[in-house]
Amino acid sequence: MSIQNIINGAQQIEIDRRKVVSQTISRSQRIKTAERSTAQPWKFKVTPPAMLTWASSRGFIEDITYNDRTTEYEISLNANAKMNYITAYQGRLTQAQLNSLTVSTTSTSTLTITDLPAIAGSITSSTVVFARGDIIQPSNSRYPYTVATTATRGSSTTTSVTLNRPLITSENINLVGQHLKVGNTCTWRVVVSTLPTYQLVPGQFVQYTGDFELVEKII
């Protein structure tokens, strides 16, 4: 578990999803901006628990020390009971209905979804399939995406989902025909970029000296 143990007990998690943008201000005080096209990797700053018992944590501390800043981890925010609201699904479909959704086509930063639930009973054309901010991840992909614009059921056989970043194609997989992980089932592949040291405290306790910083590994 290692890094996941730290996330599960984190005091706070800071998320950085900012784009690479430059700004200049002319002498006439007109601002100009330019955005660099990148994969927009997720970055996390994780504040570890204030104090850990040595007996319960020495195993995963050894894993963290051994893996250092070179090993890739797969992490989730779901197991932190006080923070899993961050990734909770906000749409209006049942889990069974979500499980049936399938990617039919893709474009630069859009997924077209098919196998929608039939319009009947509580499902109408205005039913929210994905709310803005929902996290989705094609089942065979290492990369999660957030939904940039609320997607409703509509009246056709498909609905279009606009993503927060362009689809990352470097993993060379076919997303068409894939189901989706949604909300708390989504995961990130990260590498530790800042690894704090730890201190042993009288009473058989241990504490880390700073925050863990993690960055999504884009291949």
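Scroll up to find the structure this text is about.
1. Here's the deal with the overall build of the protein chain
In terms of helices and strands, the protein chain carries three helices and 18 strands. In terms of its C-alpha atoms, the protein chain occupies a principal-axis envelope of roughly 65 × 55 × 30 Å. Here the protein chain holds 219 residues, and 38% of them are scored as buried. Taking as baseline every contact in the protein chain between residues at least 6 positions apart, the subset at least 24 positions apart corresponds to 70%. Entry remark: accessible area of the protein chain is about 12000 Å², with carbon and sulfur atoms responsible for 48%. One way to put it: in the protein chain the 20 positive side-chain charges average out to a point 9 Å from where the 14 negative ones average out.

2. Structural notes on the nonpolar core
Membership of the largest hydrophobic core comes to 25 residues, with the highest contact counts inside it found for Ile3, Phe44, Val46, Ile75 and Leu214. Mapped by element, the contributors of at least two residues to this core are helix H1 (3-8), strand S4 (43-47), helix H2 (54-67), strand S6 (73-75), strand S15 (188-194), strand S17 (205-208) and strand S18 (212-216). Leave out the neighbours within four places in its chain, and isoleucine 3 touches Ile64, Tyr73, Ile75, Val192, Phe212 and Leu214. Listed in part, the 22 residues of the second largest apolar core include Leu101, Leu111, Val161 and Leu180.

3. A closer look at a nonpolar patch on the surface
On the surface, Ile15, Tyr85 and Ile86 cluster together into a nonpolar patch covering about 270 Å² of accessible area. Looking at where isoleucine 86 falls in the secondary structure, it is placed in the loop between S6 and helix H3 (95-100). According to the relative accessible area criterion, isoleucine 86 is partly exposed, its value standing at 31%.

4. Notes on the pairing of strand S8 (residues 110-114)
Summarising burial for S8: five of the five residues are buried, a large majority. A two-sided burial pattern is seen for S8, the buried positions comprising Thr110, Thr112 and Thr114 on one face and Leu111 and Ile113 on the other. Here five bridges tie strand S7 (residues 102-107) to S8, and the two strands are oriented antiparallel to one another. Opposite threonine 105, over in S8, you have threonine 112 as the bridge partner.

5. Digging into the sheet that holds strand S10 (residues 135-138)
Pairing is antiparallel in the open sheet, where three strands are placed in the order S11-S10-S14. Strands at the two margins of the open sheet, each flanked by one partner only, are strand S11 (145-146) and strand S14 (180-182). By the bridge criterion, three bridges tie S10 to S14 in an arrangement that is antiparallel. Counted as the bridge partner of isoleucine 136 is valine 182 from S14.

6. Quick notes on H2
Helix length check: H2, at 14 residues, gives a terminal C-alpha distance of 19 Å against a target of 20 Å (1.5 Å per residue), a fit within 8%. The sharpest bend along H2 measures roughly 30° and falls at phenylalanine 60. Residues of H2 that are buried include every one of Ser57, Phe60, Ile61, Ile64 and Asn67, and no others. Aspartate 68, located one to two residues past H2, shows a positive phi value of around 50°.

7. Re the pattern of salt bridges
Pairing is possible between side chains that carry opposite charge, provided their charged atoms lie close to one another. Counted under the stated rule, the structure contains six salt bridges. One salt bridge connects glutamate 74 with arginine 189, and the closest N-O pair in it is separated by 3.8 Å. Residue glutamate 74 is found in strand S6, and its partner arginine 189 is found in strand S15; the two are separated by 115 residues along the sequence. Since its relative accessible area comes to 44%, glutamate 74 is described here as partly exposed. One continuous salt-bridge network, built from bridges that share partners, spans Glu72, Glu74, Arg142 and Arg189.

Calculation notes
- Residues numbered from 1 in each chain as written.
- Predicted model: local features only at pLDDT ≥ 70, side-chain atom pairs only at ≥ 80, totals over all residues.
- Heavy atoms only, no water.
- Helix = DSSP H or I, 4+ residues; strand = E, 2+ residues; numbered from the N terminus.
- Buried < 20%, exposed > 50% of the residue type's maximum accessible area, 1.4 Å probe, protein only.
- Contact = heavy atoms within 4.5 Å.
- Areas by Shrake-Rupley, 256 points an atom, 1.4 Å probe, with all protein chains shown as cover.
- Lys, Arg positive; Asp, Glu negative; His and termini not counted.
- Charge placed at Lys NZ, Arg CZ, Asp CG, Glu CD.
- Core = buried A, V, L, I, M, F, W, Y, C linked by side-chain atoms within 4.5 Å.
- Patch = residues over 30% accessible without salt bridge, like charges linked within 9 Å, V, L, I, M, F, W, Y side chains within 5 Å.
- Salt bridge = Lys/Arg side-chain N within 4 Å of Asp/Glu carboxyl O.
- Pairing = 2+ DSSP bridges.
- Expected span 1.5 Å × (residues − 1).
- Bend = angle between axes of the 7 residues up to and from the residue.

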